[in-house]
Amino acid sequence: MAKKDARVDAYIAKSAEFAKPILRRLRKLVHQGCPGVVEEIKWGMPHFNYGGMLCGMAAFKTHCTFGFWNRALKIPGKEGAMGQFGCITALSDLPGDAVIVGYVQQAKELADSGVKLGPVRKAKKPLPVPGSLKAALKKKPGAAARFTKMSPSQQREYSEWILEVKTDATRDKRLAIAVDWIAEGKSLNWKYRKTAKAKA
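Report on the accompanying structure. (Residues numbered from 1 in each chain as written. Predicted model: local features only at pLDDT ≥ 70, side-chain atom pairs only at ≥ 80, totals over all residues. Heavy atoms only, no water.)

With that settled, the discussion passes to the overall build of the protein chain. The secondary structure content of the protein chain amounts to eight helices and four strands. Listed N to C, the secondary structure of the protein chain is α-α-β-β-β-β-α-α-α-α-α-α in terms of helices and strands. The 200 residues of the protein chain split such that 36% are buried. Long-range pairs, those at least 24 residues apart, make up 57% of the contacts in the protein chain between residues at least 6 apart in sequence. Carbon together with sulfur atoms contributes 56% to the accessible area of the protein chain, which is approximately 12,200 Å² in total. (Helix = DSSP H or I, 4+ residues; strand = E, 2+ residues; numbered from the N terminus. Buried < 20%, exposed > 50% of the residue type's maximum accessible area, 1.4 Å probe, protein only. Contact = heavy atoms within 4.5 Å. Areas by Shrake-Rupley, 256 points an atom, 1.4 Å probe, with all protein chains shown as cover.)

Turning to the environment of Tyr11, a few remarks are in order. Here Tyr11 is to be found in helix H1 (residues 6-14). With 47 residues separating them along the chain, Tyr11 and Ala58 place their C-alpha atoms 9.0 Å apart. Among all residues touching Tyr11, those that are not within four sequence positions of it are Leu23, Ile41, Gly44, Met45, Pro46, Ala58 and Ala59.

Working note: regular strand, side chains alternate between the two faces of the sheet. Counting buried positions over the five residues of strand S4 (residues 64-68) gives five, a clear majority of the element. Of the two faces of S4, the one lined by Cys64, Phe66 and Phe68 and the one lined by Thr65 and Gly67 are each fully buried. Of the pairings in the sheet, the one linking strand S3 (residues 53-59) to S4 comprises five bridges and is antiparallel in character. From the neighbouring strand, Ala59 faces S4, where its bridge partner is Cys64. Adjacent in sequence and paired antiparallel, S3 and S4 are bridged by four residues. (Pairing = 2+ DSSP bridges.)

This part covers the sheet that holds strand S1 (residues 38-42). With antiparallel pairing, the four strands of this open sheet are ordered in space as S1-S2-S3-S4. A strand with exactly one partner marks an edge of an open sheet, and here the two such strands are S1 and S4. Direction aside, neighbouring strands of the sheet carry axes that sit 20° apart on average. The sheet strands contacting H1 are S1, strand S2 (45-49) and S3, and the helix crosses S1 at an angle near 60°. (Axes fitted to C-alpha atoms, helices over the stretch in contact; angles between N-to-C directions.)

Counting residues in hydrophobic clusters, the biggest one holds 32 residues, and the most contacted among them are Leu23, Met57, Phe66 and Phe68. Where this core is concerned, the elements lending two or more residues are H1, helix H2 (19-33), S2, S3, S4 and helix H3 (97-113). Once you skip the residues sitting within four places of it in the chain, Met57 turns out to touch Val8, Ile12, Leu23, Leu26, Arg27, Met45, Pro46, Phe48, Thr65 and Phe66. By size, the runner-up hydrophobic cluster in this structure holds 16 residues, among which are Ala143, Tyr158, Leu175 and Ile182. (Core = buried A, V, L, I, M, F, W, Y, C linked by side-chain atoms within 4.5 Å.)

For the rest of this paragraph, the subject is the environment of Cys87. As for its placement among the helices and strands, Cys87 is situated in the loop between S4 and H3. Separated by 24 residues in the primary sequence, Cys87 and His63 have C-alpha atoms spaced 5.5 Å apart.

Tallying each qualifying case throughout the model produces twelve salt bridges. Where Asp9 meets Arg27, a salt bridge forms, and the shortest distance between an N and an O atom there is 2.6 Å. Linking Asp9 in helix H1 with Arg27 in helix H2, this pair joins segments that are 18 residues apart in sequence. Residue Arg27 is classed as buried on the basis of its relative accessible area, which comes to 7%. Residue Lys140 pairs with Asp180 through a salt bridge whose shortest N-O separation is 3.1 Å. Here Lys140, found in the loop between helix H4 (131-139) and helix H5 (143-149), pairs with Asp180, found in helix H7 (residues 168-183); they are 40 residues apart in sequence, far enough to count as distant. You can call Asp180 partly exposed: its relative accessible area is 34%. Each of Asp9, Arg27 and Glu39 takes part in a single network of salt bridges with overlapping partners. (Salt bridge = Lys/Arg side-chain N within 4 Å of Asp/Glu carboxyl O.)

So, about H4. Taken together, the buried positions of H4 are occupied by Leu133, Ala136 and Leu137. For H4, the buried positions fall inside an angular range of 100° around the axis, keeping them on one side. Residues of H4 that are exposed and angled more than 90 degrees away from the buried face: Gly131, Lys138 and Lys139. Against H5, helix H6 (152-163) and H7 lie the buried residues of H4. (Arc of directions from axis to C-beta.)

Have a look at this one:
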């Protein structure tokens with residue numbers, strides 16, 4: 001029997017006006033295509049489970065997304081958003097109801113047969129280290145060597161943190177903090193990771 005989650009109702013109610021009819025339509029069609037689906041909120045967004053994650057939807061400021069979890073379900077995808085349907089800004093951006101219900105039914109059949117392929121993990125392209133960070137690291141003994149020993153994701157976090165600033169003053173402040181932490185072998189989010197380990 002289908003199970004609806006009141007948190008999904010609340011999510012839809014809090015969404016932008018353009019998004020509400022889109023989310024309601026998708027929700028209705030998922031339940032129509034898979035009567036045994038169970039709703040939940042995962043990663044802050046509505047998801048539909050049936051023997052594992054079946055599909056999910058989300059609303060943002062200017063668009064919605066909808067997608068299926070199982071890669072074994074072949075759907076021509078669109079670039080520019082999560083899911084296989086691109087940035088959905090109106091009901092007219094969705095395929096017909098029968099098409100969506102058909103995809104849901106195919107996803108259900110795959111789940112019933114035990115065929116599961118998780119999401120594709122796209123490798124992030126290497127991010128160039130900002131010149132200002134390279135120069136600052138050279139001035140602090142051992143900092144450059146420590147930085148090169150960090151994982152690519154840790155290096156990327158520092159690079160993004162420096163690149164996203166909008167003023168020279170903020171950049172200089174972040175560079176000073178970054179160089180000190182890197183020289184100590186600390187990742188950018190070391191404080192949060194320490195707290196999380198303490199709570200575990």
